[in-house]
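Geometric and topological summary
Each chain, letter by letter, is given below.
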Amino acid sequence: MTSSDRSAPAIDPDLVISHKFSETSFCYTERDAALYALGVGACAGDAVDEKELNYVYHRNGQKSIQVLPTFAALFPFAEGLGLEKVSGLQYDPRLLLHGQQYIEIFRPLPSSGSIVNKVAIAGLHDKGKATIIELETTSYLKESGEALCMNRSTIYLRGSGGFSSSSHPYSYKTYPDNQILHVSVPKHQPSVVYEDTIQQSQALLYRLSGDYNPLHADPMIAQAAGFARPILHGLCTLGFAVRAIIKCICNGEQTTVRNIFGRFLLHVYPGETLVIEMWLEGSRVIYQTKVKERNRAVLSGYVLLKHNSSL
Ligand SMILES: CCCCCCC[C@@H](O)CC(=O)SCCNC(=O)CCNC(=O)[C@H](O)C(C)(C)COP(=O)(O)OP(=O)(O)OC[C@H]1O[C@@H](n2cnc3c(N)ncnc32)[C@H](O)[C@@H]1OP(=O)(O)O
């Protein structure tokens, strides 16, 4: 939005929520799954890590490489997010941040596949200084038509709120309140703490998996967005956290993961150290990721497992 547009209402909620997206397609191979695994730090600390080598290599003659469940979060990027096509939604793309991600895995992700995505607007909220829009993408295997996973992405559009016509802030959503559980980080000591380093080149590597937002690569764009330098993709931070949970709590068995939720609390700079704290509560792992150098929480959420895991 340019400064001359500022008097025009930036968001027309009725137009936005009536938008219909076209179906999109996403095809991937084992190479894409392996590149993604490297992008979220698999084998970065140990190239022969016995719980991670199978994400990037046919270890012990295994027929196909294993796919991390967070790979599913790439499917919505099939043909770009498509927000620019939504009538009635004006915002400054440089100020867009990823707020939350919720993923349901219906069946283990194959090591390669052709996917069809059905996309819908699942939420629109006026936060005054910002607008939140939620996109829900259900992904199906093209050949069989079986549902594979669902992603709900919460996108935080800074500087674009204030469009409500009444004194009550506009809020619309299509899913039940109890589907996303509010996460309170426990006060007691975590069951496990895992530390990982984000390489300086991490965002440059991660972007090759399909999110080419220049915020993560271009210093000028990052500065215009209010950051000292390019920041890490939220989904990369989430990928690090879930990989750590699979490694530390699920004994490396990635098919144990059923649902994933994460809220991005603060940006991460490549080169920083992540400290991932995990609390195992029955079949739910609550986690919080902090940046060690700034001692700030950057992500919190939960992972729902198919069964209770023991440490
Ligand atoms: C298909 C995939 C689609 C996704 C595309 C993504 C493309 C990517 O390339 C982009 C990225 O990866 S960006 C990097 C990852 N994200 C971040 O770094 C953001 C980190 N979070 C922040 O900076 C702040 O929390 C911030 C700025 C988000 C909010 O901070 P404040 O402005 O201080 O907000 P606050 O005053 O605390 O709250 C205002 C209202 O907003 C709600 N809220 C806050 N943080 C939220 C968040 N992270 N997600 C969702 N809602 C959030 C608050 O609850 C509050 O609402 P209410 O008043 O009703 O309680």
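So, a few notes on the structure that sits alongside this text. Residue numbering note: each chain is counted from 1, following its sequence as written. A pLDDT threshold of at least 70 governs which residues receive local features in this predicted model, and a stricter bar of 80 or more applies before side-chain atom pairs are shown or counted, although totals over entire chains, interfaces and linings include all residues. Side-chain figures throughout are based on the complete set of non-hydrogen atoms in the structure, without hydrogens or water.

With that settled, consider the site of the ligand. Neighbouring residues of the ligand: 27 residues in total, closest Lys127, Lys129, Asp211, His216 and Arg263. Nitrogen and oxygen atoms within 3.5 Å of one another constitute a polar contact, given that in protein one can donate a hydrogen and the other can accept it, and given that sequence-neighbouring residues count only through two side-chain atoms. One nitrogen or oxygen atom from the side chain of arginine 263 is found 2.8 Å from a nitrogen atom belonging to the ligand. Considering the ligand on its own, with 1200 Å² of exposed area, one finds that the protein chains cover 74% of that surface. Elements with a minimum of two residues in the shell around the ligand: strand 2 (96-105), strand 5 (147-158) and strand 8 (257-264). Per-element tally for the shell around the ligand: the top contributor is strand 2, with 5 residues. Each residue gets one label: Ala, Val, Leu, Ile, Met, Phe, Trp, Tyr, Cys and Pro are nonpolar, Asp, Glu, Lys and Arg are charged, and the others, such as Gly, are polar. Considering only residue class, the shell around the ligand consists of 13 nonpolar, 10 polar and 4 charged. By convention in these notes, a residue is near a molecule or strand provided one of its non-hydrogen atoms lies within 4 Å of it. Only the protein chains shown count as cover for residues, and the accessible areas themselves come from Shrake-Rupley with a 1.4 Å probe. Helix numbers and strand numbers start at the N terminus; a helix is a DSSP run of H or I with at least 4 residues, a strand a run of E with at least 2.

This part covers the pattern of salt bridges. Should a side-chain nitrogen of Lys or Arg be within 4 Å of a carboxyl oxygen of Asp or Glu, the pair is scored as a salt bridge. Per the counting criterion, the structure on display carries 11 salt bridges. Notably, a salt bridge pairs arginine 94 with aspartate 92, separated by 2.9 Å at the nearest N-O pair. Categorising residues by exposure relies on relative accessible area from a 1.4 Å probe, with only protein chains included: less than 20% of the type maximum marks a residue as buried, more than 50% marks it as exposed, and the intermediate range marks it as partly exposed. By relative accessible area, arginine 94 is classed as partly exposed at 42%. A salt bridge links glutamate 136 to arginine 152; the shortest N-O distance between them is 2.8 Å. Residue glutamate 136 is found in strand 4 (residues 130-141), and its partner arginine 152 is found in strand 5; the two are separated by 16 residues along the sequence. For arginine 152, a relative accessible area of 3% translates into the label buried. A single salt-bridge network, built from bridges that share partners, covers Asp49, Glu52, Asp196, Arg243 and Lys247.

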